[in-house]
Amino acid sequence: MTVVQEQLDSTFAALADPTRRAIVARLARGDATVNELAAPFAMTLPGVSKHLKVLERCGLISRTRHAQFRPCHLERAALDSAASWIEESRRVWTERFDKLDEHLRDLQAKPSQDEATQ
Amino acid sequence: MSDSTSAADELVYTRVFDAPRELVFRCMVEPEHLTHFWGPAGVSTPIETIKVDPRPGGRFETVMVNDADGSQYPTRAVFVEIAEPERLVWTEPDSGLITTSTFRDLGGSRTEVSIHQANVPAPYRTPEAQAGFATSLDRFAAYLATLS
């Protein structure tokens, strides 16, 4: 497994958690401090910090090292890479299922001449 | 159809079809059926390009052809497991992607199909591929909302 692949795998793992997805959705609207991120959740600051560490490790967010409030920043490239793959795969299977549904209807409507009609 | 990220690098797509399980399963392994639905919208899969050898180690290959410009997208996979009519597993050696199809009999000639995908393929990770994708945070945020 390559380093890049490991990073994308960890991106999917990070996004499997609903709290972390909410944090990512919040950061999509702009940078925020840990306190701002913790506000909508019934969570302690250390609890939120744990989620932020997971997001930081897979490169989805970054934090300024020396700034006083260390605002969190969403790294769009890492997100796009995961999002593009999800969207493409989802589109293909959605459309494939649509066609399969139609095909199954045709088959059952005229079971004796299923292939001759298309 | 519902979908979700269920594990580290896994996606799940589920759909219920009004057809008996045996028939739905056959659609996924027989070229005369696959040719009707394998390509997504605007993409055909000519029957002569579909090679299916439904046994462990057997090949599962197709060539999808774009209806608009004729460009071709070959797919190459190898079956790992064939458990008719319940389960079908194949891998794509080029990418490492593992696809597991599960067919669940819901009774009354209805069948639920779940597609699990594990191991995210490499082509989408190259800088070239990433450059080809538009930045789509808004759409992704909307997608995230569907997962929550």
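Here is what the cut-offs are and how they apply
- Residues numbered from 1 in each chain as written.
- Chains lettered and ligands numbered in written order.
- Predicted model: local features only at pLDDT ≥ 70, side-chain atom pairs only at ≥ 80, totals over all residues.
- Helix = DSSP H or I, 4+ residues; strand = E, 2+ residues; numbered from the N terminus.
- Buried ≥ 20, exposed ≤ 12 C-beta atoms within 10 Å, placed from the backbone.
- Contact = placed C-beta atoms within 7 Å.
- Pairing = 2+ DSSP bridges.
- Expected span 1.5 Å × (residues − 1).
- Arc of directions from axis to C-beta.
- Core = buried A, V, L, I, M, F, W, Y, C linked by C-beta atoms within 7 Å.

**Quick notes on the overall build of chain B**
And then number 1: Helices and strands together make up the secondary structure of chain B, namely 4 helices and 9 strands.
And then number 2: Beginning at the N terminus, the succession of helices and strands in chain B can be written as β-β-α-α-β-β-β-β-β-β-β-α-α.
And then number 3: When burial is assessed residue by residue, chain B has 24% of its 148 residues classed as buried.
And then number 4: A separation of at least 24 residues holds for 38% of the contacts in chain B among residues at least 6 apart in sequence.

**What to know about the pairing of strand β5 (residues 59–66) of chain B**
Residues and elements named next belong to chain B.
And then number 1: With 2 bridges joining them, strand β3 (residues 43–44) and β5 adopt antiparallel strand pairing. Residue pairing in the sheet places S44 in a bridge with V65 of β5.
And then number 2: Examined bridge by bridge, strand β4 (residues 51–52) and β5 share 2 bridges and lie antiparallel to one another. When the sheet's bridge partners are listed, V52 is paired in β5 with F60.
And then number 3: Remark: 6 residues form the turn of the hairpin made by β4 and β5, two consecutive strands paired antiparallel; G57 in that turn has positive phi of roughly 90°.

**Focus: helix α4 (residues 45–57) of chain A**
Residue and element names in this part refer to chain A.
And then number 1: For α4, built from 13 residues, the straight-helix expectation of 18 Å at 1.5 Å per residue is met to within 8% by its first-to-last C-alpha distance of 18 Å.
And then number 2: Within the span of α4, buried status applies to V48, H51, L52 and L55. Buried residues in α4, looked at end-on, bunch into an arc of 100°, giving them a common side. Structural note: α4 exposes P46 and K53 on the side pointing more than 90 degrees away from its buried face.
And then number 3: Of the residues trailing α4, G59 is marked for its positive phi of about 85°.

**Re unusual backbone geometry**
Residues and elements named next belong to chain B.
And then number 1: With an omega of 0°, the peptide bond between E84 and P85 qualifies as cis.
And then number 2: For P85, the location among the structural elements is in the loop between β6 (72–83) and β7 (87–91).
And then number 3: For S109, which is not a glycine, the phi torsion comes out positive at approximately 60°.
And then number 4: Here S109 is to be found in the loop between β8 (98–107) and β9 (110–118).

**Looking at the nonpolar core**
And then number 1: V24(A), L55(A), L60(A), I61(A), A82(A) and V24(B) are the most contacted members of the largest nonpolar core, which has 44 residues in total.
And then number 2: Examining the composition of this core, we find that 10 residues originate from one element, helix α5 (residues 76–109) of chain A, more than from any other.

**Points about the pairing of β6(B)**
Residues and elements named next belong to chain B.
And then number 1: Examined bridge by bridge, β5 and β6 share 7 bridges and lie antiparallel to one another. Paired with V63 across the strands is P74, a residue of β6.
And then number 2: Count of turn residues in the β5/β6 antiparallel hairpin: 5 residues, of which G70 carries a positive phi of about 75°.
And then number 3: Summarising the sheet, β6 and β7 pair through 5 bridges and their orientation is antiparallel. For I82, the partnering residue across the bridge sits in β7 and is L88.
And then number 4: Here β6 hands over to β7 after 3 residues, the two strands then running antiparallel side by side.

**Remarks on helix α2 (residues 18–27) of chain A**
Think of an α-helix as 3.6 residues a turn; residues three or four steps apart then line up on the same face.
And then number 1: Along α2(A), the residues that are buried comprise R20(A), I23(A), V24(A) and L27(A). Viewed end-on, α2(A) has its buried residues packed into an arc of 100°, placing them on one side of the element.

**So, the environment of S109(B)**
Residues and elements named next belong to chain B.
And then number 1: A residue is classified by how many C-beta atoms lie within 10 Å of it, and S109, with 13 of them, is partly exposed.
And then number 2: Distance from S109 to A19, taken between C-alpha atoms, is 5.0 Å for residues 90 residues apart in sequence.
And then number 3: The residues touching S109, leaving out its near neighbours within four places in the chain, are D18, A19 and P20.

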